Amino acid sequence: MWAYGTSKSFREKNIRAKTEINLPSEGITVLEVGLPEIKPDEVLIKVKSSALNYNSVWSSLSKPVDPFKLISGHITRNPSALDHDLDYAIFGSDAVGVIEKAGSEVVQWKVGDEVVVHCLVVNENEPASQNDSITAESQSIWGYETNFGAFAEFCKVKQTQLLRKPENLTWSEASCISLTLSTAFRMLISKNGAQVKAGDTVLIWGAAGGLGSFAIQLAKLAGAKVVAVAAGEEKANICKSLGADVVIDRKKHDFGGFINKDGSPDYIKWHKARLLMKKFGVGPIDIVFEHVGRETLGLSLYLTRKGGKVVTCAASSGFLATIDLRYLWMDVKKLIGSHFANYLEADQAMDLVRKGLIKPIVHSINPISALPEKMDAMYSGEIYGKVIFEH
Ligand code: NDP
């Protein structure tokens, strides 16, 4: 079958040629590999459609960790996953398709079922997985920390990674409602996240992006006032169309450069950011939806009201961030770490899609051959919403 990812020989060739991977497209290749063998608790899926996530950009760039190292970490945590140890790695964490083959222990699902993949892999025998699976030591993200990801003709997953495809969505639309929607749901709505409530003011960075476009909709659905930050008119218009109450075009308003070269806070810029919020009529900010990291995390904490919350799941601009702790403890704020979502949260989030309350924002539907080029576009910040591939 065909697949997109990396192989050890492809990587070695780059290393021998001393070619640095500067763009995601340089770190991904087409593979011709055998069909994955399924275990008794797994299914083989004929992939109909997949969607791009930033984790594949990180995989291609080998930043901050090489994909083969990530997979070997998964095997260390899950010794029975030795079948993932191959000389290739298939990327991709969002897929939708039809079950082609089901293992002998698969009871809830059958051949022919139309399914969306939930990208959390866990050892269900680990006690923590029964409470909140993301906290289990064995937990990994499928297609990032494991092999056999979405960008292939067929993929394989555990039966506990399956969700029923919403009938009201096309294959393409359904391929992009798992990873970023579930993540945003846990961050904002779940008891494990910031628990937005009606009347709250929520500031959302990258608000037209994969996470942000779902975050706006979830916050509005909860009755919050949304302050969306996005770069450029096209993205600003998307935020408005999703119901954002205030949209700050960070290009137009020179809303950036919040840290000095050494990563320390530029307090003057922070103060100006607060003044800009006032100018836009933004009152006390209850919650900040963070994923930018180094560039904005300190500012996010500064901008939040006393007793407010910053919830973060990523660090696109760098994971070594400086925060001024005074704004944390003196103002009794909370910094909440969040990562993907457990199965229940993913299903609750998808239910909102099934009920027509949340919709995916589709940037484009492409042939899978466009994957490398779309990854570069995502890396350079050109993308809004979700990029989809038909297989
Ligand atoms: P997108 O590329 O779709 O959107 C990210 C947006 O962030 C960009 O479009 C940009 O918006 C904004 N941004 C990037 N850099 C800066 C900056 N320096 N200052 C302000 N805004 C910036 O990506 P996703 O939303 O899908 O993912 C975002 C991050 O979250 C990635 O690092 C990803 O790996 C991570 N992630 C983590 C998950 C988890 O479970 N832990 C799950 C999903 C994603 P604009 O230019 O318009 O302001």
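Note that the coordinates shown come from a computational prediction; the quantities given were computed from them, not determined experimentally.

We now examine helix H2 (residues 54–61). Summarising burial for H2: 6 of the 8 residues are buried, a large majority. Listing the buried residues of H2 in full gives Asn55, Ser56, Val57, Ser59, Ser60 and Leu61. In this structure, the buried side of H2 is in contact with helix H3 (67–77), strand E8 (140–141), helix H6 (179–188) and helix H13 (371–379).

What follows deals with the layout of surface pockets. Its boundaries defined by the atoms lining it, the second largest pocket holds a volume of some 440 Å³. Taken together, 20 residues form the lining of the second largest pocket, with Ser129, Ser133, Asn342, Tyr343 and Leu344 sitting closest to its centre. Those elements giving two or more residues to the lining of the second largest pocket turn out to be helix H4 (129–132) and helix H12 (343–354).

Formed by 45 residues in total, the largest nonpolar core has its most connected members in Leu188, Ile216 and Cys239. Taken together, the elements giving at least two residues each to this core come down to H6, strand E11 (201–204), helix H7 (210–221), strand E12 (225–230), helix H8 (233–241), strand E14 (285–290) and H12. Element by element, the count of residues in this core is highest for H7, at 6 residues. Cys239 has contacts with Ala207, Ala208, Ile216, Ala228, Ala230, Ala244 and Val247, leaving out every residue within four places of it along the chain. In terms of nonpolar packing, the next biggest core, distinct from the first, is built from 25 residues, Ile45, Val106, Trp109 and Val121 among them.

Given two aromatic rings, their pairing is described by the distance between the two centres and the angle made by the two planes. As enumerated under the stated definition, the model contains 10 aromatic pairs in all. An aromatic cluster of three or more residues is present, and its members are Tyr267, Trp270, Tyr302 and Tyr327. The ring of Phe154 carries Lys46 above its face, with NZ or CZ at 5.3 Å from the centroid. Seen from the ring of Tyr302, Arg274 lies directly overhead, with NZ or CZ sitting 4.1 Å from the centre.

All buried positions along helix H1 (residues 8–16) are accounted for by Phe10, Arg11 and Asn14. The buried side chains of H1 occupy one side of the element, clustering within an arc of 95° when seen end-on. When the buried face of H1 is taken as reference, the exposed residues oriented beyond 90 degrees from it are Ser9, Lys13, Ile15 and Arg16. The elements touched by buried residues of H1 are strand E1 (2–7), strand E2 (29–32) and H3.

This part is about the sheet that holds E2. A sheet is described by the order of its strands in space; here 3 strands give the open sequence E2-E1-E4, paired in antiparallel fashion. Pairing within the sheet leaves two strands with one partner each, and these edge strands are E2 and strand E4 (88–90). The sheet shows a mean angle of 60° between the axes of neighbouring strands, taken without regard to direction. As paired strands, E1 and E2 are joined by 4 bridges and run antiparallel to one another. Paired with Tyr4 across the strands is Val30, a residue of E2. Each of E1 and E2 is contacted by H1, which is oriented at about 45° to E1, the strand it contacts most.

Positionally, Ser7 belongs in strand E1. Since its relative accessible area comes to 10%, Ser7 is described here as buried. Among the polar contacts listed, one links the side chain of Ser7 to the side chain of Ser9, at a separation of 3.3 Å.

The next subject is the site of the ligand. Near the ligand lie 22 residues; those nearest to it are Gly210, Ala231, Arg250, Ser316 and Phe340. Between Gly210 and the ligand, the recorded distance is 2.7 Å, taken from a backbone N or O atom to an oxygen atom. Between the ligand and His339, the relevant distance is 2.9 Å, taken from a nitrogen atom to a side-chain nitrogen or oxygen of the residue. In isolation the ligand exposes 910 Å². Once the protein is present, 88% of that is buried. Those elements giving two or more residues to the shell around the ligand turn out to be H2, H6 and H7. Counting residues per element, the shell around the ligand draws most heavily on H6, which supplies 3 residues. For the shell around the ligand, the residue count by class is 11 nonpolar, 8 polar and 3 charged.

Let us now look at the pairing of E12. Judged by how many residues are buried, E12 sits mostly within the fold: 5 of 6 residues are covered. Judged from the 4 bridges that link them, E11 and E12 form a sheet pairing that is parallel. Residue pairing for E12: Ile204 is matched across the bridge by Ala228. The parallel pair E11 and E12, bridged by H7, forms a crossover whose chirality is right-handed. Following the backbone out of E12, through H8 and into the adjacent parallel strand E13 (residues 246–249), one traces a crossover that is right-handed.

To continue, consider the pattern of salt bridges. Tallied over the full model, the rule gives 17 salt bridges. Of the charged contacts in the structure, one is a salt bridge between Asp83 and Lys39, with a shortest N-O distance of 3.0 Å. Here Lys39 lies in the loop between E2 and strand E3 (42–51) and Asp83 lies in the loop between H3 and E4, a separation of 44 residues in the sequence. According to the relative accessible area criterion, Asp83 is partly exposed, its value standing at 23%. Linking Arg77 and Glu145 is a salt bridge whose minimum nitrogen-to-oxygen distance equals 3.5 Å. In this pair, Arg77 is assigned in helix H3 and Glu145 in the loop between E8 and strand E9 (154–158), connecting sequence segments 68 residues apart. The class for Glu145 is buried, based on a relative accessible area of 15%. One salt-bridge network, in which partners are shared between bridges, spans Lys39, Glu42, Asp83 and Lys156.

Each value, and the rule that gives it
Within each chain, residues carry numbers counting from 1 in the order of the written sequence. Totals for whole chains, interfaces and linings use every residue, but because this is a predicted model, local features are given only for residues with pLDDT of at least 70 and side-chain atom pairs only at 80 or more, for both listing and counting. Side-chain measures here rest on the full set of heavy atoms in the structure, leaving out hydrogens and waters. Whether a residue is buried, partly exposed or exposed follows from its accessible area with a 1.4 Å probe, protein chains only, as a fraction of its type maximum: under 20%, in between, or over 50%, in that order. By definition, any uninterrupted DSSP run of H or I lasting at least four residues is a helix, any uninterrupted run of E lasting at least two residues is a strand, and each is numbered from the N terminus. Here a residue-residue contact requires only that any non-hydrogen atoms of the pair lie within 4.5 Å. Method remark: on a 1 Å grid restricted to protein atoms, a set of points is classed as a cavity if a 1.4 Å probe fits but cannot get out and as a pocket if it is open with protein on both sides within 12 Å along at least five of seven lines; lining residues have an atom within 4 Å of a point. Grid points are joined across faces, edges and corners, and a volume is the space filled by probe spheres set on the points. Here, nonpolar core refers to any group of buried Ala, Val, Leu, Ile, Met, Phe, Trp, Tyr and Cys residues whose side-chain atoms link them within 4.5 Å. Stacked, tilted and edge-to-face are the three classes applied to pairs of Phe, Tyr and Trp rings, where Trp contributes its six-membered ring and a pair requires centres within 6.5 Å; stacked means planes under 30 degrees apart, edge-to-face means over 60, and tilted covers the rest. We count a charge as sitting over a ring when the NZ of a lysine or the CZ of an arginine lies within 6 Å of the ring centre and within 35 degrees of the ring normal. This arc describes the spread of directions from the helix axis toward the C-beta atoms. Note on pairing: two strands pair once DSSP finds at least 2 bridges between them. Angles run from 0 to 180 degrees between N-to-C directions of axes, and those axes are lines fitted to C-alpha atoms, restricted for helices to the stretch in contact. Under this definition, polar contacts are N or O atom pairs within 3.5 Å; protein pairs additionally need one hydrogen-donor-capable and one acceptor-capable atom, and for neighbouring residues in sequence, both atoms have to be side-chain atoms. Being near a molecule or strand, for a residue, means having at least one of its heavy atoms within 4 Å of it. Exposure was quantified through the Shrake-Rupley algorithm and a 1.4 Å probe, taking into account, for residues, occlusion by the shown protein chains and nothing else. Note on residue categories: nonpolar means Ala, Val, Leu, Ile, Met, Phe, Trp, Tyr, Cys or Pro, charged means Asp, Glu, Lys or Arg, and polar means any other residue, Gly included. Clockwise travel from the first strand over the helix to the second, with the strands pointing away from the viewer, marks a crossover as right-handed. Salt bridges, as used here, are contacts in which a Lys or Arg side-chain nitrogen is within 4 Å of a carboxyl oxygen on Asp or Glu.

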